[in-house]
Every structure is written in C-alpha cells, then in structure tokens.
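Here is how the chains run, residue by residue.
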Amino acid sequence: MLRRLFILLAKGLLFFVLVWLAVMAYWHYTRRVVSSADLLIYLGLLPIGLLLAYWLAKGGIYLGKQAYTRFQTRAAAKQAEPGSAGDAATQKIPGQETTLLVLAHSVRSGVGDAEMWIDKTREYEIHHALDTSLSEALGFGIRSVRMDELDDHDEPESMQGAVARMSHMLRLVQDDLSDVMRLAASLAVSGDPKKRLADTRVALHPEWVQKQTPAPIADVPVQAAPQESALTNLALFLLLPGFVTAEESDSLKKNCLEWALSLGWPTAAVHVSAVILPDTQASLRKLVDVLRQQSQSPFHLLVVLSAVSWLDESLLNARMQRDYVWADRLRKASTIVGEAAAGMVISNQALLDPETGESQSGLVRLTLLSAGERQKPIDAKGSIEAELLVQMAQGIGQSCGVELNQFKYLVATGDFGLDRPVELGRWMSDCMPHLNVVGDSLQLGLHVGECEPVSDLLGMALAVEHCRQAEAPILFCSNHSTSWRGMLAVLPIAEMA
C-alpha cells in the first residue's frame with residue numbers, strides 16, 4: 001500500500017514539474033513579465049485542472065463502457081425471452097440446446113478423489129508439508145502435493161520421471177471411467193438403435209428457474225432420433241503439458257486407444273487426439289473448442305483426459321529460469337507444486353441400461369464453456385476490475401435460465417496470489433452477494449498448486465461432484481491465468497424418464 005502511494009505521489013510530482021517547465025519555457029520564449037496572478041494560475045491551477053480533466057475523461061470512458069455493456073446485456077436478454085422472435089412451436093427450454101450431459105467424471109491427486117476433495121475442503125483438512133527430496137535438490141523449502149501411491153516401474157522405457165507418473169495417474173482415471181465406457185461400448189454396437197440412448201427430453205428442475213418454468217418432459221419438442229447408429233464414434237482428447245515430447249505423447253495415445261478397445265469399442269469408431277498445450281490460454285481455448293464441437297455432434301461420445309506432474313527437479317529448474325515471478329513465489333513458499341489427473345465422459349444424451357431400460361441417476365448438465373480476455377493482466381498496476389467475470393456470469397445465467405442468486409457454490413482454479421481474491425470478491429459482491437469468497441468457494445491453486453493443463457478439467461470435475469452432492473447449480477471459473485478467464489455452469493436436472 002505504501003509503495004503504491006509513493007509511486008502515485010512521484011507520478012503527480014513529475015507531472016507538475018513537466019507542466020512548470022513547459023510554462024516557464026513559454027514565458028521565456030514570449031518574454032512575458034510574470035505577475036503573481038500568473039504564478040497562481042499557470043503553476044497552480046493549470047496542472048490541477050489538467051489532472052481533473054484527465055480523471056473526468058477516464059471516468060466518463062469507464063461509465064460509457066459500463067452503459068454499453070448493460071445495453072448489450074439487455075438486448076441479448078430481450079432476444080432470449082420467449083415469444084420475442086421465431087415460431088413458438090420451435091422454442092425450447094433456455095439452455096436446452098447449449099448444455100451437455102456428464103456421464104462420468106474422475107479426479108486423482110494428492111488430496112484424493114472427488115468425494116475426498118469435497119469432504120476435506122469442507123472440514124479444512126488439506127495440509128501441505130515440505131517436500132524433502134525437492135527441497136534438498138533445489139536448495140530451498142518447497143511445499144508439494146504428491147501422490148505417494150504412484151509407481152512408475154511398470155511404465156515403458158520411453159517414459160521416465162514426471163511423464164511416467166502421469167501415465168499411471170491416467171490409468172487410475174481410466175479405471176474410474178471404465179464402467180460407463182463399457183456400457184457405452186455395448187450400446188454402440190447394439191443392433192437396436194432405440195435401446196442405445198435415452199430420450200433427449202430433459203427439463204430443468206422448476207425450483208432453479210424463476211422467470212420461466214419449463215414445460216413437462218412430455219411436452220418439450222425434440223428432434224426425432226435418426227434411424228442409423230446412435231453412438232457412431234468415440235472422441236478421446238488427451239490434454240498434455242508443454243514439456244511432453246512427441247514420442248511420449250504417442251505412447252500415451254497408444255495407452256488410451258488400448259484402454260478403449262479393451263472395453264469393447266470397435267477400432268474404427270475410436271479417434272484419439274493428444275494435444276500438447278504450451279500455456280494456460282491454450283488449455284482454456286482447447287476445452288472451449290472441444291465442448292463446442294461435442295454440442296454439434298449429438299451422437300458422439302466425448303472423453304477428455306488430462307494429467308500432469310511437476311514433481312521433477314529438471315522441470316522446476318526450467319520453469320524457474322523461464323518465469324521469474326513464479327520462481328520468486330516458489331522461493332517464498334507462497335505457491336506449491338503438485339500433480340493431478342482428471343477425466344470426464346460427456347454426451348448429448350444419457351445411456352440406457354440394457355437390463356433395466358432406465359437411464360443413469362445423478363446426471364448433471366454443463367453449459368458450454370465461455371472464455372474471454374481481461375482488458376489488462378491481473379498483476380498489472382492499477383485498480384483490479386471484475387467486468388469480464390460479471391458479463392460472463394450474466395450471460396451464462398440468461399442462457400440456462402437460472403438466476404445468479406440460485407448458484408450455491410463456486411469452484412475456481414486460481415490461488416490467493418496475484419490479487420485474484422480481489423477480483424473474485426468484487427465479482428461475487430456484485431453478482432452473487434449471498435456467497436462468501438472464502439466459505440462458499442474452492443480455490444484449486446491453494447491445494448494442488450501448479451497443475452497446468454489439468455486445472456480447468458479438474459475444476460470442472462469437482463464442480464460436477466459439488467452439483468451432484470448439493471443438487472443445486474454450481475459455477476466454475478477458470479482464473480489461474482493472468483489475462484484469460486473461463487466460466488461455465490453445472491446444473492442438476494430432473495430425473496430422466
């Protein structure tokens with residue numbers, strides 16, 4: 001605080017000096033005889049007036065942007081209102097066409113699985129001890145979140161260190177998702193398309209919609225299912241950190257393909273893609289693209305997997321040389337390093353059990369992930385605004401028909417560094433004053449530290465688990481990047497017929 005005050009005073013003094021120099025140069029050039037009134041006007045009132053004009057112009061521009069944003073929001077809301085445009089027979093429940101079903105999810109980290117995450121964060125039982133091996137190797141104390149049960153001895157020789165640990169974590173996640181994947185494979189090769197997928201007529205619970213109560217399930221108009229195969233393809237995306245080599249990426253892809261084939265998926269139906277992501281922006285953008293593509297492929301099954309381990313001396317040294325700000329925080333023990341893996345099975349429709357004929361219970365829906373860039377990085381000088389988060393939250397609430405005061409919890413990927421609590425606090429106080437930034441939110445960075453590119457997928461999976469347990473709308477916010485922000489809503493749905 002004192003440092004910022006000193007910088008502000010120094011800038012003001014420099015501005016006054018520059019104005020005085022310009023005035024005195026003008027007087028010297030015109031050979032003006034200076035009076036006491038001139039001294040008061042030109043050396044006192046003039047610089048003060050210029051400063052006031054600057055601040056008024058800046059405030060006017062800010063208020064103009066706010067008014068324009070509110071105008072855009074009202075216009076979008078008016079277009080989304082029932083009966084505003086289009087044929088009434090083709091209108092659907094808000095968010096019906098822009099949400100995806102989560103059939104299964106998995107989280108693996110030093111904290112535990114998804115249920116353990118919820119329990120431990122609720123009871124404040126997550127503690128991080130110093131990592132002895134890394135501290136001795138780097139010469140200063142490092143806190144880490146380590147999965148002690150990992151064993152990399154059975155991995156291929158091409159995988160060593162962090163990548164071998166990642167491979168093991170991915171296999172643990174795959175084991176958690178195998179039951180749903182096996183059921184999907186059996187339905188995909190079934191002879192009767194009508195037995196493969198549940199009806200897409202899904203209604204949001206009336207308690208979570210205030211302005212518009214959805215029509216009964218039987219009355220919701222849907223498109224008729226095609227007579228061809230319902231589940232034709234399995235799209236498996238593997239999101240990997242930037243330090244993974246092409247050879248290691250191919251080995252991980254091969255393991256994922258073998259996993260899908262072992263569950264009964266035909267080879268021609270499986271498409272595995274591994275994307276090496278260099279930074280947080282690339283991770284967020286890729287998830288946006290993947291979910292949007294899935295929303296346009298109603299008869300495909302999507303599996304997104306990701307894993308990372310930063311518990312390697314060489315990786316940490318390389319990162320510290322490349323990122324001095326992060327290195328300084330690491331030396332001051334204000335951040336931690338960790339390892340984690342996450343996975344989600346996503347579809348546009350629910351799977352039917354061939355024996356009972358019923359769909360899965362406890363399903364939740366995801367809205368499409370939206371992303372945007374702040375006007376300036378969060379760690380830049382000046383005031384910290386939350387305009388972008390406010391706009392994104394309002395847009396998501398309107399698209400899915402849920403009021404912002406109905407969201408019960410927030411899962412964010414950032415930690416308490418780089419002024420992120422200020423941004424979250426201002427956003428939540430403006431949009432969701434019923435939530436507390438400390439008690440009603442989960443900050444992943446506080447518990448798993450540096451876990452790119454898993455952070456976004458991990459946060460989404462934990463938001464799904466929160467939604468299933470609380471049976472209430474949950475917001476997910478990606479805020480670990482200094483400039484980019486992402487957001488989506490996780491919504492419970494009525495029991496499917």
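Just so you know, these numbers come straight off a predicted model, no measurement behind them.

### Overview of the nonpolar core
Stage number 1. Membership of the largest hydrophobic core comes to 63 residues, with the highest contact counts inside it found for V337, M344, L366, L458 and V490.
Stage number 2. When residues in this core are grouped by element, the largest group, eight residues, is from helix 13 (residues 455-470).
Stage number 3. Those residues in contact with V337 that lie beyond four places of it in its chain are L134, I142, R143, S144, V145, W310, L311, L316, W326, L330, V448 and E450.
Stage number 4. If you look at the next biggest cluster of nonpolar residues, it comprises 42 residues, including L172, V173, L252 and L363.

### Details of the confidence of the model for the chain
Stage number 1. When pLDDT is averaged across the chain, the result is 77; 77% of the residues are at 70 or more.
Stage number 2. Segment residues 76-97 is flagged for pLDDT under 50; beyond a separation of four residues in sequence, or across chains, it makes 30 contacts in the model.

### Details of the pairing of strand 5 (residues 300-309)
Stage number 1. For strand 5, the buried fraction is high: nine of the 10 residues fall into the buried class.
Stage number 2. Across seven bridges, strand 3 (residues 233-241) lies against strand 5 in parallel orientation. Residue pairing across strands places L236 opposite V303, the latter belonging to strand 5.
Stage number 3. As judged from the eight bridges shared by strand 5 and strand 6 (residues 337-347), these two strands associate in the antiparallel manner. Residue pairing for strand 6: S309 is matched across the bridge by E339.

### Remarks on the packing of aromatic side chains
Stage number 1. Counted by the stated rule, this structure contains three aromatic pairs.
Stage number 2. Relative to W20, the ring of F16 lies with its centre 5.8 Å away and its plane at 80°, an arrangement referred to as edge-to-face. Separated by four residues within a single helix, F16 and W20 lie in helix 1 (residues 2-30), roughly one turn from each other.
Stage number 3. When the centroid spacing of 5.3 Å and the interplanar angle of 75° are considered together, the rings of F243 and W310 count as edge-to-face. Of this pair, F243 sits in the loop between strand 3 and helix 6 (246-262) while W310 sits in the loop between strand 5 and helix 8 (313-322); the two residues are 67 residues apart in sequence, bridging distant segments of the chain.

### Regarding the packing of helix 10 (residues 387-400) against helix 11 (residues 420-431)
Stage number 1. Viewed as axis vectors pointing N to C, helix 10 and helix 11 meet at an angle of 40°, and their least axial separation amounts to 9 Å. Looking at the two axes, helix 10 sits oblique to helix 11. Our pair here, helix 10 against helix 11, has a crossing hand that is right-handed. Here L389, V390 and A393 of helix 10 lie close against helix 11, whose contacting residues are E423, L424, W427, D430 and C431.
Stage number 2. The residue makeup of the contact of helix 10 with helix 11, split by class, is six nonpolar, no polar and two charged.

### Regarding helix 6
Stage number 1. Helix length check: helix 6, at 17 residues, gives a terminal C-alpha distance of 24 Å against a target of 24 Å (1.5 Å per residue), a fit within 8%.
Stage number 2. Structurally, helix 6 contributes buried residues whose contacts are with helix 5 (162-188), strand 3, strand 4 (270-277) and strand 5.
Stage number 3. Phi turns positive one or two residues past the end of helix 6, at G264, with a value near 105°.

Parameters and conventions
- Residues numbered from 1 in each chain as written.
- Predicted model: local features only at pLDDT ≥ 70, side-chain atom pairs only at ≥ 80, totals over all residues.
- Heavy atoms only, no water.
- Core = buried A, V, L, I, M, F, W, Y, C linked by side-chain atoms within 4.5 Å.
- Buried < 20%, exposed > 50% of the residue type's maximum accessible area, 1.4 Å probe, protein only.
- Helix = DSSP H or I, 4+ residues; strand = E, 2+ residues; numbered from the N terminus.
- Contact = heavy atoms within 4.5 Å.
- pLDDT = per-residue confidence, 0-100.
- Pairing = 2+ DSSP bridges.
- Phe/Tyr/Trp six-rings, centres within 6.5 Å; stacked < 30°, edge-to-face > 60°.
- Axes fitted to C-alpha atoms, helices over the stretch in contact; angles between N-to-C directions.
- Parallel < 35°, antiparallel > 145°, perpendicular 65-115°, else oblique.
- Left-handed = near helix turned anticlockwise from the far one by under 90°.
- Nonpolar A, V, L, I, M, F, W, Y, C, P; charged D, E, K, R; others polar.
- Expected span 1.5 Å × (residues − 1).

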